[in-house]
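# Working through the structure, step by step
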Amino acid sequence: MPRGRYSLHDTHDHTPLGEEHFHCAPGPSGWRYVSQTTTPSGDHAGSVDLAIDELGRPIRLELHAGGWQVRGAAIDGVTWVRTDPAGEQATEGNAPAHAFTGTSPAFLVATARLLRLTPASPATRVRLVRFTDPVLAPLTVDQSWALLKTETHATDNGPLSVDEYQVTDLNTGEQHAVHLAGDVVLAAPGIELEHLESPPSAFA
């Protein structure tokens, strides 16, 4: 069960946004990721609880940030309920999308698992609902994912397979690289792996 810590920063000016302390593990029904986020000063900022099935579809998502809460799942596309800080109003949303995304590294792993690309696969388009910080407002985004290469690196714990993806925002044309090792993000825009207590889990 990988357990560790990511640092998060603004992708434009590299302003520190805080840290995400996580643990994740594959299971008989898929994969689950749980984390707590903190501010740069160390105060609690929110949490992420994401479970996907063996095909990579989100079967449960619960986000907390800025007093807001979102719960969602893959139902008729994706469906979610967003609750305000006072808990007085809950708004339900639905979109013809494949999955969710957001600031957490968990969503990069989940999207890669959903697409199951190989280096020979053509670039694949995916529609996602992004929950933006700090109020978890939903925004539908279209991306293109391509697996550029897979490399194996020698480590103290044995060989480590690293996948390099090229992700394109189809609304802006902006491209960036995402490096994954199993269910851990090694590097991505705004995300740095600072500490890892155990090796990444490999998906079957």
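As a starting point, this report considers the structure included with it. Just so you know, these numbers come straight off a predicted model, no measurement behind them.

## Considerations on the nonpolar core
By size, the foremost hydrophobic cluster in this structure holds 45 residues, and its most contacted members are Phe 131, Trp 145 and Tyr 165. Counting residues per element, this core draws most heavily on helix H1 (residues 106-115), which supplies eight residues. If we ignore the near neighbours within four places in the chain, the residues touching Trp 145 are Leu 108, Thr 111, Ala 112, Leu 115, Leu 117, Pro 122, Ala 123, Thr 124, Val 126, Tyr 165, Gln 166 and Val 167.

## Description of the packing of aromatic side chains
One pass over the structure, following the stated rule, counts six aromatic pairs. Aromatic side chains Trp 31 and Tyr 33 sit 5.9 Å apart centroid to centroid with 45° between the ring planes, which places their arrangement in the tilted category. With relative accessibility at 2%, the residue Trp 31 sits in the buried group. Note on Tyr 33: relative accessible area 1%, which makes it buried. Among the aromatic residues, those joined into a cluster by ring pairs are Tyr 6, Phe 22, Trp 31 and Tyr 33. Of note, Arg 82 hangs over the ring of Trp 68, and the distance from its end group to the ring centre comes to 3.8 Å.

## A look at the pattern of salt bridges
Scanning the model with the defined rule gives nine salt bridges in all. With a closest N to O distance of 3.0 Å, Glu 19 and Arg 5 form a salt bridge. Placement of Glu 19 in strand S2 (residues 16-27) and of Arg 5 in strand S1 (residues 3-9) is noted, with a sequence separation of 14 residues between them. Between Arg 125 and Asp 142 there is a salt bridge, and its shortest N-O distance comes to 3.6 Å.

## Quick notes on the layout of surface pockets
Space inside the second largest pocket adds up to approximately 390 Å³. What lines the second largest pocket is a set of 20 residues, and nearest its centre among them are Asp 163, Ala 181, Gly 182, Ala 202 and Phe 203. Among the elements of the structure, H1, strand S12 (158-169) and strand S13 (175-181) are those that each provide at least two residues to the lining of the second largest pocket. For the lining of the second largest pocket, the per-class residue count stands at 14 nonpolar, three polar and three charged.

## Quick word on the pairing of S1
Side-chain positions along a regular strand alternate between the two faces of the sheet. The buried fraction of S1 amounts to five of the seven residues, a majority that puts the element mostly inside the structure. With seven bridges connecting them, S1 and S2 associate as antiparallel partners. Paired with Arg 3 across the bridge in S2 is His 23.

## Topic: unusual backbone geometry
With an omega of 0°, the peptide bond between Asp 133 and Pro 134 qualifies as cis. Mapped onto the secondary structure, Pro 134 falls in the loop between strand S10 (124-132) and strand S11 (137-155). Despite not being glycine, Leu 136 shows a phi value in the positive range, around 55°. For Leu 136, the position within the fold is in the loop between S10 and S11.

## Focus on the side chain of Ser 47
Mapping Ser 47 onto the fold places it in strand S4 (residues 44-53). On the accessibility criterion, Ser 47 (15% relative accessible area) is buried. In contact with Ser 47, other than residues within four places in its own chain, are Ser 35, Gln 36, Thr 37, Glu 62, Leu 63 and His 64.

Calculation notes
- Residues numbered from 1 in each chain as written.
- Predicted model: local features only at pLDDT ≥ 70, side-chain atom pairs only at ≥ 80, totals over all residues.
- Heavy atoms only, no water.
- Core = buried A, V, L, I, M, F, W, Y, C linked by side-chain atoms within 4.5 Å.
- Buried < 20%, exposed > 50% of the residue type's maximum accessible area, 1.4 Å probe, protein only.
- Helix = DSSP H or I, 4+ residues; strand = E, 2+ residues; numbered from the N terminus.
- Contact = heavy atoms within 4.5 Å.
- Phe/Tyr/Trp six-rings, centres within 6.5 Å; stacked < 30°, edge-to-face > 60°.
- Lys NZ or Arg CZ within 6 Å of the ring centre and 35° of its normal.
- Salt bridge = Lys/Arg side-chain N within 4 Å of Asp/Glu carboxyl O.
- 1 Å grid on protein atoms, 1.4 Å probe; cavity = no way out; pocket = protein on both sides within 12 Å on 5 of 7 lines; lining within 4 Å.
- Points joined across faces, edges and corners; volume = space filled by probe spheres on them.
- Nonpolar A, V, L, I, M, F, W, Y, C, P; charged D, E, K, R; others polar.
- Pairing = 2+ DSSP bridges.

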